[in-house]
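# Structural features, examined
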Number of protein chains: 2
Amino acid sequence: MNNKRVGRRTVALSHPPSVISFANIGGKQEKEGPLGKFFDETGDDSFFGEKTWEKAESAMQKKALQRALDKARLKPKDLDYIFAGDLLNQCIGSSFGLREFNIPFYGLYGACSTMGESLSLAALLIDGGYARRCAAMTSSHFCTAERQYRMPVPYGSQRPPTAQWTATAAGCTILDAEGKGPYITHVTCGKIVDRGITDGNNMGAAMAPAAYDTLAAFFRDTETTPADYDLVITGDLGELGHAIVRDFFEKDGVTLGDNFLDCGLLLYNREKQDMHAGASGCGCSASVLNGYLLGGMLEGKWKRILFAPTGALLSPTSSFQGESIPGICHAVCISTTK
Amino acid sequence: MNNKRVGRRTVALSHPPSVISFANIGGKQEKEGPLGKFFDETGDDSFFGEKTWEKAESAMQKKALQRALDKARLKPKDLDYIFAGDLLNQCIGSSFGLREFNIPFYGLYGACSTMGESLSLAALLIDGGYARRCAAMTSSHFCTAERQYRMPVPYGSQRPPTAQWTATAAGCTILDAEGKGPYITHVTCGKIVDRGITDGNNMGAAMAPAAYDTLAAFFRDTETTPADYDLVITGDLGELGHAIVRDFFEKDGVTLGDNFLDCGLLLYNREKQDMHAGASGCGCSASVLNGYLLGGMLEGKWKRILFAPTGALLSPTSSFQGESIPGICHAVCISTTK
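Right, let's walk through the structure included here. Fair warning: this is a prediction, and the values are worked out from it, not measured in the lab.

Turning our eyes to something else, we now look at the side chain of S315(A). Assignment of secondary structure puts S315(A) in the loop between β15 (310–312) and α10 (316–320). Beyond its immediate sequence surroundings of up to four residues, S315(A) is in contact with N89(B), Q90(B) and I92(B).

Each regular strand shows side chains that alternate between the opposite faces of the sheet. All names here are of chain B. Of all six residues making up strand β5 (residues 81–86), six are buried, and the element is well covered by its neighbours. The alternating pattern of β5 places Y81, F83 and G85 on one face and I82, A84 and D86 on the opposite face, and all of these are buried. Examined bridge by bridge, β5 and strand β6 (residues 105–107) share three bridges and lie parallel to one another. Residue pairing in the sheet places F83 in a bridge with Y106 of β6. Crossover connection from β5 via helix α3 (residues 92–98) to parallel β6: handedness right-handed.

On to the interface of chain A and chain B, then. Taken residue by residue, the interface counts 67 residues in chain A and 67 residues in chain B. Interface of chain A and chain B: buried area, both sides summed, is about 5700 Å²; carbon and sulfur atoms make up 56% of it. In this assembly, chain A and chain B are joined by eight salt bridges. Of the charged contacts, one joins R99(B) and E323(A) as a salt bridge, the two residues approaching to 2.8 Å between their closest N and O atoms. Only α2 (53–71), β5 (81–86), α3 (92–98), β6 (105–107), α4 (114–127), α5 (142–149) and α10 of chain A provide two or more residues apiece to the side of chain A that touches chain B. For the side of chain A that touches chain B, the element with the highest residue contribution is α4(A), accounting for six residues. Here the residues of the side of chain A that touches chain B sort into 32 nonpolar, 19 polar and 16 charged.

Okay, helix α7 (residues 238–251) of chain A next. Residues and elements named next belong to chain A. The terminal C-alpha atoms of α7 lie 20 Å apart, and with 14 residues this matches the ideal 20 Å at 1.5 Å per residue to within 8%. Within α7, burial applies to G238, G241, H242, V245 and F249. Viewed end-on, α7 has its buried residues packed into an arc of 100°, placing them on one side of the element. Tucked into the core, α7 has its buried residues touching α6 (203–222), β11 (231–234), β12 (260–262) and α8 (263–266).

Another point: the nonpolar core. Membership of the largest hydrophobic core comes to 120 residues, with the highest contact counts inside it found for L65(A) and L65(B). The contacts of L65(B), once residues within four sequence positions are left out, are L79(B), I82(B), L98(B), F101(B), I103(B), A135(B), M137(B) and C172(B). Residues Y130(A), L267(A), W53(B) and F83(B) belong to the second largest nonpolar core, which totals 108 residues.

Of all the eight residues making up α5(A), seven are buried; the element is thus mostly covered by neighbouring parts of the structure. Taken together, the buried residues of α5(A) touch α2, β7 (133–140), β8 (165–166) and α10 of chain A.

Here we come to the relation of the copies chain A and chain B. Take chain A, turn it by 180°, move it 0.0 Å along the axis, and it overlays chain B with an RMSD of 0.0 Å. When the rotation and shift are considered jointly, the pair of chain copies conforms to a two-fold rotation axis. When each C-alpha of chain A is compared by its distance to the rotation axis, L108(A) comes out closest, at 2.0 Å. Counting the interface residues of chain A, we find that 100% of their copies in chain B are interface residues as well, pointing to one common contact surface.

Quick look at the packing of aromatic side chains now. To describe a pair of aromatic rings, you give the distance between the ring centres and the angle between the ring planes. Residues and elements named next belong to chain A. All told, the structure shown has 26 aromatic pairs over all chains when counted by the stated rule. For the pair Y212 and F249, a centre-to-centre distance of 5.0 Å together with 70° between the ring planes defines the contact as edge-to-face. Of the two residues, Y212 is situated in helix α6 and F249 in helix α7; the sequence distance between them amounts to 37 residues. Ring-pair connections join several aromatic residues into one group, and the members of that group are Y212, F218, F219, Y229, F248 and F249. One residue, K71, lies across the ring of F22, its end atom 5.1 Å from the ring centre.

So, on to unusual backbone geometry. Cis geometry is adopted by the peptide bond preceding P182(A), which originates at G181(A) and carries an omega value of 0°. Take P182(A): it is sitting in the loop between β9 (169–176) and β10 (183–188). Within the chain, C91(A) stands out as a residue other than glycine whose phi angle is a positive 50°. Assessed through its relative accessible area of 6%, C91(A) is described here as buried. Located in the positive-phi region is R73(B), a residue other than glycine, with phi close to 55°. Here R73(B) is to be found in the loop between α2 (53–71) and β5. For R73(B), a relative accessible area of 79% translates into the label exposed.

Conventions used here
- Residues numbered from 1 in each chain as written.
- Chains lettered and ligands numbered in written order.
- Predicted model: local features only at pLDDT ≥ 70, side-chain atom pairs only at ≥ 80, totals over all residues.
- Heavy atoms only, no water.
- Helix = DSSP H or I, 4+ residues; strand = E, 2+ residues; numbered from the N terminus.
- Contact = heavy atoms within 4.5 Å.
- Buried < 20%, exposed > 50% of the residue type's maximum accessible area, 1.4 Å probe, protein only.
- Pairing = 2+ DSSP bridges.
- Right-handed = clockwise from strand over helix to strand, strands pointing away.
- Buried area = accessible area lost by both parts, 1.4 Å probe.
- Salt bridge = Lys/Arg side-chain N within 4 Å of Asp/Glu carboxyl O.
- Nonpolar A, V, L, I, M, F, W, Y, C, P; charged D, E, K, R; others polar.
- Expected span 1.5 Å × (residues − 1).
- Arc of directions from axis to C-beta.
- Core = buried A, V, L, I, M, F, W, Y, C linked by side-chain atoms within 4.5 Å.
- Least-squares fit on C-alpha atoms with pLDDT ≥ 70 in both.
- Phe/Tyr/Trp six-rings, centres within 6.5 Å; stacked < 30°, edge-to-face > 60°.
- Lys NZ or Arg CZ within 6 Å of the ring centre and 35° of its normal.

What follows is the structure, encoded as structure tokens:
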């Protein structure tokens, strides 16, 4: 057996696949935030020309994939697989958004870790020689998520300070066996971690232990430290969850410095836009990666990024039945050199 | 690039992973059906010792994995990855059922095709040398599915003749890089196929075009015909969907003979048990595979099976919004020789 693992949980890719294209779509809040100029397209209302918010979310995925294909001058038939999922019940954002493309499809459910999970599996299948080109993508929408997980937006429910704001956004990365980078060099698969947090308005705390678990495994397996990366960036832990991960590492004697960021703390202007503990949703890390981060790597701003989005694997039903909130985190190392 | 594909969509595995263990769990109807004796464990009520049906579904996944591990004398730490998903919103059957095992987890959403999708990805990652052992699994539960997709069971809604009965069942396969078989030799990834069917009580018709699409791609890619397999078996097309696939092939001049079966037509006694068009749900094909089918292969009953479960990628929300029902089908070829 040709075991390509380093350590227990991390795979070091022998033929690191290259990012050859990426695209992101956002809503009005995302446009008005500090990363607004890093979006390929933003919509001024939340419907993207559709009649319902769910159809709008599908439209965002469709636009994100089409733009990523266009930027690489590719046709849908040039892709071997799409890996995608979203937060909606039965992942309808992905299945309805992508049905017209006629591309072999592996549907995922990783909640807000989906951008990490989809990139991981796409990279593994390309590295293994099973595919030449794959798309990895996901989306979220504030209005679909509120109505599904909490309350319909028109009810005007009040949100506690620990609550996060689900991004209305989608992101798509196209990976290729050949290319000029950035490259996916390592992937670490997450475990389901549940430390008993039950507050659905404090997802950051629920997901922080999963982020710590995966990041610690990654550093252990690769024998590196946070200082070896230009950025170590989680998906949507928000203010509280992000601080908890920093604390966990501090207890191990590992200092996460200024290069430890969270997509959820970058997407909105924390002072001018009232988003409480930060952004969340699959679309948060997906849109920050497929614009600001990958764009910055191409411009030479960062050489090596450890991208580690987290997901909360709850449903309203599980919470109604008194269950706590399990989390998961999938980490992907992206580098400008192989 | 080391392209391991045959044809456009099928991967021929260079080092076919071996099934080293499998287990299935069922409810009362499954026990009373013609395949009752092929279950490892059946529950006489629908709660499996839990207080809610959703927790019962998680309990079934937990039992299925534990039994599969026990039969192979393995511990959870002996598995590199689990690939799992289910029909419940946010796939809580899997995340809550599997959280205690502490095994790296890739969550999937493939609706009732999940057993095919999970086996495919597990086989690819083992074949590629990224893992030694993986579990592939899924579940469904009649009462959780009815309340989520249609009406709560206590309402006593009437079901039309085309409706199928969601199996209360779970199944788990453990694949290993080494073993005595049966082996996973080929996998074909499905595409999202939508032919405009909108009747949520006629899933078989909605999924049939996807089954035809994937099976036709598989036969074309491998240059084989249905007669080359001891069984060509779909997941839960039921009576109507199964007949439609037969018709589609007939139009191409290909006759699917008596070896073309459907797990949904095997699980219950169609005369004595009133299940209308047949069984459905992720747990239907998962439990038939991980008992009757794999057991039969070990006994020499069949040498080569093409297992092709289908999924309907709808949600109640998509149907309320007037959407049609997209389907998908993932095919896996299982053989007693490499």
